[in-house]
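# Overview (structure and organization)
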Amino acid sequence: MGLTKQYLRYVASAVFGLIGSQKGNIVFVTLRGEKGRYVAVPACEHVFIWDLRKGEKILILQGLKQEVTCLCPSPDGLHLAVGYEDGSVRIFSLLSGEGNVTFNGHRAAITSLKYDQLGGRLASGSKDTDIIVWDVINESGLYRLKGHKDAITQALFLQGKNLLLSSGKDTMVKWWDLDTQHCFRTTVGHRTEVWGLVLVSEEKRLITGASDSELRAWDIAYLQEIEDLGEPEPKKIKGSSAGKQDTREAEGGIIEGDEAPEDRILTCTKAGSLMREGRDRVVNLAADKTGRILACHGNDSVLELFYILSKEEMQKKMEKKMKRARKKARLNSGKGEEEDLEVKVEMTLQDEIQRVTNIKTSAKIKSFDLIHSPQGELKAVFLLQNNLIELYSLSPLTPALQPVRTSRVTLGGHRSDVRTLSFSSDNMAVLSAAADSIKVWNRSTLQCIRTMACDYALCSFFVPGDRQVVIGTKTGKLQLCDLASGTLLEMVDAHNGAVWSVSLSPDQRGFVTGGADKAVKFWDFELVKDENSPQKRLSVTQTRALQLEEDVLCVRYSPDQKLVAVSLLDCTVKVFYVDTLKDGALIATGSADRSVKIWGLDFGDCHKSLFAHDDSVMYLQFVPKTHLFFTSGKDRKIKQWDADRFEHVQTLEGHHQEIWCLAVSPSGDYVVSSSHDKSLRLWERTREPLILEDERELQREAEYEESVAKEGQPAVPGETQGENYFTGKKTIETVKAAERIMEAVELYREETAKMKEHKAICKAAGKEVPLPTNPILMAYGNISPSAYVLEIFKGIKSSELEESLLVLPFSYVPDVLSLLQEFIQLGSDVEPLCKGLFFLLRIHFGQITSNQMLVPLIEKLKETTISKVRQVRDVIGFNIAGLEFLKRECEAKSEVMFYADATSHLEEKKRKRRKREKLILTLT
């Protein structure tokens, strides 16, 4: 067997040129104790934290592969929940930037994330129509709520009650009782998808946004607060809406005839509608934390703001209305009819919720977030469609409440897709050009060092010396720009159509261009006198032209400058001699037919046709001085190939949309690529050798792991097919965790059998015989087999424990139960062990209860568990009492409030002061 050819592996190095992705939402985050200064935005698979004051990226929360679709900060401001395209949820610490907790339960992209008031629970909604409530502290799922027939658009916890409210694209708004985990009411007053909902006015009013220009308002009445609970609910609703014509919409829910008393929790009746200025669907609907400002936007660049009056303000307004009504009555009739007219004065929804102003942004809004600054200003931050963040502030002191744009983040990326990339000759600078601008980036720091305006750029290169760049544009012009001054030196009319391709000659004295006017033109660099300065400046001059019969899509010189290859719109590639010498070499071509063809230039024969990508091949470039080349495609992949052996070397995955172009550095150490997802990615060549056989093996393993995770969920006794009320999802991690438990139990069985044998041998020999120790147990510090099983249990993440035990075959369960009994008896890690124990009893209840051998073990477990859990509870109770005592001692000493009390009192004081000083956004 011959020597295996080795290649060097390329790995992903960085993502840059991206300010924020379009799929997720922007949120304010608290960092270093400051509110309203930092925002978190999705950036492909990562999350970027931007400082709005400086316009700098200060933190990157590293993702894995999947794109971010949803963000939600925790109420304490210390954590950020991030939802991904594959249905996973990760919780990152904003202090360390690490994501230690992962929840896997959904089968499709996350569409909604919301914490409860204390931040202990997290509700996630997904495109798979399920809502899962997660216990953040215990790092596990609590329950799955099924009922919606289409993707979830929003899910909210009600603060005062243990209820959850959700909306979906199935036109329904559902109310869930979290004590019993069932839907007790469905609000059906919408004709189209419900895209958003918010609770305002102390959770007594619900506002929903759908696919029309109406915002619907619903009055919520909690039945505990209604005095007459004797009357059944169907009658009550019927009576309340008897006088109304549209009982169809006033009806708040679908109510079954024999409704149990516990289902009568609240009523929800339609209060009216607010008309938006936008005619398209509501994209985002939100209220600020005070519940006084309501904001929404559609598919345009306008955010509409509404102000919700408080009870006191409503009362004042009502009194003013009464006065006006009395005055009018006196004018109309001299006497006596005021009383009748006063009764008719009613407060309408438009009086209660008033339009404040509109905020017009510079481009279409993708998402927004609101926050109140300590100075009483309302701040609104926007993530726009053109890769831009804008911050507006609205002060109650400004006349007519005009919003003011206070900052924007623009430097870190282009406004449109990057169409051309090139490296400087020293591998240190990267040029990217889009529809309106050129940016030059420092490759090592990834900072943008120069931005220049240009026409729609299609191709580019650095002029030898790296002081100027040449851009080919859609209008047929060549633009020569100076990097030091950031100015346009010269604009040359090169072609009558788009300049599709440009190639620098290997002798670096000139270049060749190809355009949509069916011409190939040869150019030379020259120094000309500058009118404005005594020094000469660089210019270009055309030397020759070659007219062809089809549009030219790409031109390239051969490395020795003897040949020029031209690809045409009729799917042919023509090779011309630059002079009359004959030469034989390789040429590689990529096409929209998804293939790459390698040709010999001796006879023009096709050496090999490779099926390269799952969609059109968009770009192809050789690594300088080698026969290795890279291709990029609309299938979001970059692939490396060996043109001598016709082998696929490796695939670089990372982009989330089609890739437009790539550039290989002159040294071949770096590749940079640009995509429709607005990101630029840098790939770096490592010193790690890549062997093709090993690479294929790794690929097969990855495919197998993916197929394992996609297999059907394990069957649970008592559940019908299609039901799955467990919150977890089978992943490769849970399968591996179950395998680890099985291996540990098998090792425990073998070692206990060996110990029995050893005792028998010692007894027969009449002396102590040395026992050989298992190397695995030695590696763990010479521990006992049962302690090894405990270590394995501790190593499983809390969020994956239940799903791992669900995969575990029943033959291992008796051993696991006896070991759990032993561990709990020792009193170590009681809480997680009890969690695993109760889960096993729940899913294998029938088999365990029908097995007579397990009855004594279950009895023992019952006694042990009750006593140990009681001990743990007593310890916690004692600790809480001790902390309370210390708190009282501290307060007595320094007469200060402590912990949560102090915080809540401070917030209350601030709120009263703000109200007194500013009367936030009070309208005349």
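Residues numbered from 1 in each chain as written. Predicted model: local features only at pLDDT ≥ 70, side-chain atom pairs only at ≥ 80, totals over all residues. Heavy atoms only, no water.

Helix and strand content of the protein chain: 15 helices and 54 strands. Of all 924 residues assigned to the protein chain, the portion counted as buried reaches 48%. For the protein chain, the exposed area adds up to about 46,100 Å²; of that, 52% sits on carbon and sulfur atoms. (Helix = DSSP H or I, 4+ residues; strand = E, 2+ residues; numbered from the N terminus. Buried < 20%, exposed > 50% of the residue type's maximum accessible area, 1.4 Å probe, protein only. Areas by Shrake-Rupley, 256 points an atom, 1.4 Å probe, with all protein chains shown as cover.)

Once that is clear, we can look at a positive patch on the surface. Together, Lys35, Lys289, Lys910 and Arg913 give the surface a local cluster of positive charge. Tracing the sequence through the fold places Lys289 in the loop between β22 (284-287) and β23 (293-297). (Patch = residues over 30% accessible without salt bridge, like charges linked within 9 Å, V, L, I, M, F, W, Y side chains within 5 Å. Salt bridge = Lys/Arg side-chain N within 4 Å of Asp/Glu carboxyl O. Lys, Arg positive; Asp, Glu negative; His and termini not counted. Charge placed at Lys NZ, Arg CZ, Asp CG, Glu CD.)

A few words now on the packing of aromatic side chains. What characterises a pair of aromatic rings is the spacing of the ring centres plus the angle enclosed by the ring planes. Here the structure, examined in full by the defined rule, presents 13 aromatic pairs. Judged by centre distance (5.5 Å) and plane angle (40°), the rings of Phe511 and Phe525 are tilted. In this pair, Phe511 sits in strand β39 (residues 510-515) while Phe525 sits in strand β40 (residues 519-529), placing the two residues 14 residues apart along the sequence. The exposure classification of Phe511 matches that of Phe525, with both residues buried. Taking 5.2 Å as the distance between ring centres and 55° as the angle between the ring planes, the aromatic pair formed by Phe622 and Phe629 counts as tilted. The side chain of Lys57 reaches across the aromatic face of Phe48, ending 4.0 Å from its centre. (Phe/Tyr/Trp six-rings, centres within 6.5 Å; stacked < 30°, edge-to-face > 60°. Lys NZ or Arg CZ within 6 Å of the ring centre and 35° of its normal.)

When pLDDT is averaged across the protein chain, the result is 84; 89% of the residues are at 70 or more. Counting interchain partners and residues more than four positions distant, the pLDDT-below-50 stretch residues 227-263 has 46 contacts. In this model, residues 580-584 is a region of pLDDT below 50 whose contacts with residues beyond four sequence positions or in other chains number ten contacts. (pLDDT = per-residue confidence, 0-100. Contact = heavy atoms within 4.5 Å.)

Moving on, we come to a nonpolar patch on the surface. Where nonpolar side chains cluster on the molecular surface, the patch consists of Trp500, Leu553 and Leu569 and spans about 270 Å² of accessible area. By the element assignment, Leu569 lies in the loop between β43 (563-568) and β44 (573-577). What makes Leu569 partly exposed here is its relative accessible area of 48%.

Moving on, we get to the sheet that holds strand β36 (residues 477-482). Read from one edge to the other, the open sheet built from four strands follows the order β34-β35-β36-β37, with strand pairing classed as antiparallel. What marks the edges here is a single partner per strand, and that holds for β34 (457-462) and β37 (487-493). Along the sheet, successive strands turn relative to each other by an average axial angle of 20°, direction set aside. Bridge count for strand β35 (residues 468-473) against β36 is five bridges, and the pairing is antiparallel. In the sheet register, Ile471 faces β36, and the bridge partner there is Gln479. (Pairing = 2+ DSSP bridges. Axes fitted to C-alpha atoms, helices over the stretch in contact; angles between N-to-C directions.)

It is worth spelling out the pairing of strand β26 (residues 365-372) at this point. Of all eight residues in β26, six are buried; the element is thus mostly enclosed. What sits between β26 and strand β27 (residues 378-384) in their antiparallel hairpin is a turn of five residues, with Gly376 showing a positive phi close to 95°.

Quick look at unusual backbone geometry now. Backbone geometry at Thr129 places phi at a positive 75°, although glycine is not the residue there. Position of Thr129 relative to the elements: it lies in the loop between β11 (121-126) and β12 (131-135). At Lys625, a position not held by glycine, the phi torsion is positive, near 65°.

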